[in-house]
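# Coordinate inspection notes
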Amino acid sequence: VMRRHLRSLEEKGLVEASPQALGPGRPSNRWRLTAAGRGRFPDGSEQFALGLLQSMSQALAPDQVKDLLRNQAEQLASSYRQQLGEAPLGERLEKLVELRRKEGYVADCQAEAGSNAWMLQEYHCSVSRVAEAFPVICDQELQLMRHTFADCSVDRVHWKLEGAHACGFRICPQG
């Protein structure tokens, strides 16, 4: 019964087996959770991040907290730029949407009719609960987009914290 249950979990991608010889006879399987399996358990990282930001905001001057968040945004933008490469804007935006989805965002991007601008929308933000407690996170998201697309003008046109259905960024090539 247990072996059948483990095989069922393996078929669903929640566990994986690795054979292990422990002596004479048939090797035994050592089972472990996959990333998808670990995702089924509660994750305290959000509470940790909130607690860390609260501690930082109490121990540091507001400008220092903003500097730390700005630095983080610049580092992430650098990583994004490296992954996006020098492709045309539409292709870079498609790749960014894919990267953001892997980070837990629900995002899409559409060319704006009648212009050379694009609308990037994020319907679900993977850091929304942190941003509700620390709206400065949203300011850094805007800076992140501006640093990622340094060859474009980037403006926030929708903001979930102000009641919009999504956070939206209008991205327009400069020049």
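Everything that follows concerns the structure shown earlier in this document.
Residues numbered from 1 in each chain as written. Predicted model: local features only at pLDDT ≥ 70, side-chain atom pairs only at ≥ 80, totals over all residues. Heavy atoms only, no water.

### Section: the layout of surface pockets
The calculated volume of the largest pocket comes to roughly 450 Å³. Taken together, 20 residues form the lining of the largest pocket, with Leu69, Gln72, Val127, Ile137 and Glu141 sitting closest to its centre. Listing elements by their share of the lining of the largest pocket, those giving two or more residues are α3 (45-59), α4 (62-84) and α7 (136-148). (1 Å grid on protein atoms, 1.4 Å probe; cavity = no way out; pocket = protein on both sides within 12 Å on 5 of 7 lines; lining within 4 Å. Points joined across faces, edges and corners; volume = space filled by probe spheres on them. Helix = DSSP H or I, 4+ residues; strand = E, 2+ residues; numbered from the N terminus.)

### Here we look at the nonpolar core
Core analysis: the biggest nonpolar cluster contains 33 residues, and Leu120, Phe149, Phe169 and Ile171 have the highest contact counts within it. Of all the secondary-structure elements, those providing two or more residues to this core are α3, α4, α5 (89-102), β3 (106-111), α6 (128-133), α7, β5 (152-158) and β6 (167-173). Setting aside chain neighbours within four positions, we find Ile171 in contact with Leu89, Leu93, Ala117, Trp118, Leu120, Phe149, Cys152, Ser153 and Val154. (Core = buried A, V, L, I, M, F, W, Y, C linked by side-chain atoms within 4.5 Å. Buried < 20%, exposed > 50% of the residue type's maximum accessible area, 1.4 Å probe, protein only. Contact = heavy atoms within 4.5 Å.)

### As for the pattern of salt bridges
Tallying each qualifying case throughout the model produces 13 salt bridges. The salt bridge partner of Arg70 is Asp67, with a shortest N-O separation of 2.4 Å. Taken together, the positions of Arg70 and Asp67, both in helix α4 and 3 residues apart, correspond to about one turn of that helix. Owing to a relative accessible area of 37%, Asp67 belongs among the partly exposed residues under this scheme. Glu141 is the partner of Arg100 in a salt bridge, and the nearest nitrogen-oxygen pair spans 2.4 Å. On the criterion of sequence distance, the pair formed by Arg100 in helix α5 and Glu141 in helix α7 is long-range, its members being 41 residues apart. Grouping residues by exposure puts Arg100 and Glu141 together as buried. Three or more residues are tied together by salt bridges with common partners; here these are Arg100, Glu103, Glu122 and Glu141. (Salt bridge = Lys/Arg side-chain N within 4 Å of Asp/Glu carboxyl O.)

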